[in-house]
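Given next are the chains, with one letter for each unit.
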Amino acid sequence: MEHFVRYDLPEGMKKKGMQYSARRVPENLAGLQWLRDSTAYRSSTCSRKYLVDVEFSGKSSKYLYCYEQNKPRLLAIYELKAGTWMEHK
């Protein structure tokens, strides 16, 4: 996971003052029901998914990536709206 954040996170996401953390999405999705319900998660056949939590200027976002063949591919961006994580269109 550290390699993913350090080397594979797109440079455009790295900004001064931004805080982020990455974690591999668990098989059982414990505590991530909102993710299970999202279109991007359900439609992807990727077996190695990572969720990157980003905090910048008081705004929280989550980026869902597929990591296959040593390359990350963005699947979706989520924003917190009315207390619920929603897929950003």
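Provided above is the structure to which this section pertains.
Rules of the game
Per chain, residues are indexed from 1 in the order of the written sequence. Whole-chain, interface and lining totals are the exception, using all residues; otherwise, since this is a predicted model, local features are given only for residues with pLDDT of at least 70 and side-chain atom pairs are given and counted only at 80 or more. Hydrogens are left out, water is left out, and the side-chain values use all remaining heavy atoms of the structure. Counting rule for disulfides: a pair of cysteine sulfur atoms within 2.5 Å. Under the scheme used here, helices are H or I runs from DSSP no shorter than 4 residues and strands are E runs no shorter than 2 residues, and both carry numbers assigned from the N terminus. Between buried and exposed lies partly exposed: a residue is buried under 20% and exposed over 50% of the maximum accessible area for its type, with that area taken using a 1.4 Å probe on protein chains only. Stacked, tilted and edge-to-face are the three classes applied to pairs of Phe, Tyr and Trp rings, where Trp contributes its six-membered ring and a pair requires centres within 6.5 Å; stacked means planes under 30 degrees apart, edge-to-face means over 60, and tilted covers the rest. Definition used for salt bridges: Asp or Glu carboxyl oxygen within 4 Å of a side-chain nitrogen of Lys or Arg.

Draft legend 1. Structural view of the state of the cysteines. A complete count under the given rule lists 1 disulfide for this structure. Between Cys-46 and Cys-66 runs a disulfide, and the two sulfur atoms are separated by 2.2 Å. Across the S-S bond linking Cys-46 and Cys-66, the dihedral sits near 90 degrees, which makes this disulfide right-handed. Of this pair, Cys-46 sits in the loop between helix 3 (39–43) and strand 2 (49–56) while Cys-66 sits in strand 3 (residues 59–68), placing them 20 residues apart in sequence. Both residues of the pair, Cys-46 and Cys-66, count as buried.

Draft legend 2. Structural context of the packing of aromatic side chains. Counted according to the given criterion, the structure contains 3 aromatic pairs. Ring geometry for Trp-34 against Tyr-78: centres 5.0 Å apart, planes inclined by 75 degrees, an arrangement best described as edge-to-face. You can see Trp-34 sitting in helix 2 (residues 33–36) and its partner Tyr-78 sitting in strand 4 (residues 71–81), a full 44 residues away along the chain. Each member of the pair, Trp-34 as well as Tyr-78, is classed as buried. Summarising the aromatic geometry, the rings of Tyr-50 and Tyr-67 are spaced 6.0 Å apart at their centres and angled 80 degrees between planes, so their arrangement reads as edge-to-face.

Draft legend 3. Expanded view of the pattern of salt bridges. Inspection of every chain in the model, using the stated rule, returns 4 salt bridges. A salt bridge links Arg-23 to Asp-53; the nearest nitrogen and oxygen atoms lie 3.5 Å apart. Within this pair, whereas Arg-23 is found in strand 1 (residues 19–24), its partner Asp-53 is found in strand 2, the two being separated by 30 residues in sequence. Residue Arg-23 is classed as partly exposed on the basis of its relative accessible area, which comes to 32%. Salt-bridge contacts for Lys-62 lead to Asp-53; the nearest nitrogen and oxygen are separated by 2.3 Å. Note on accessibility: Lys-62 and Asp-53 belong to one class, buried. Overlapping salt bridges bring together Arg-23, Asp-53 and Lys-62 as one network.

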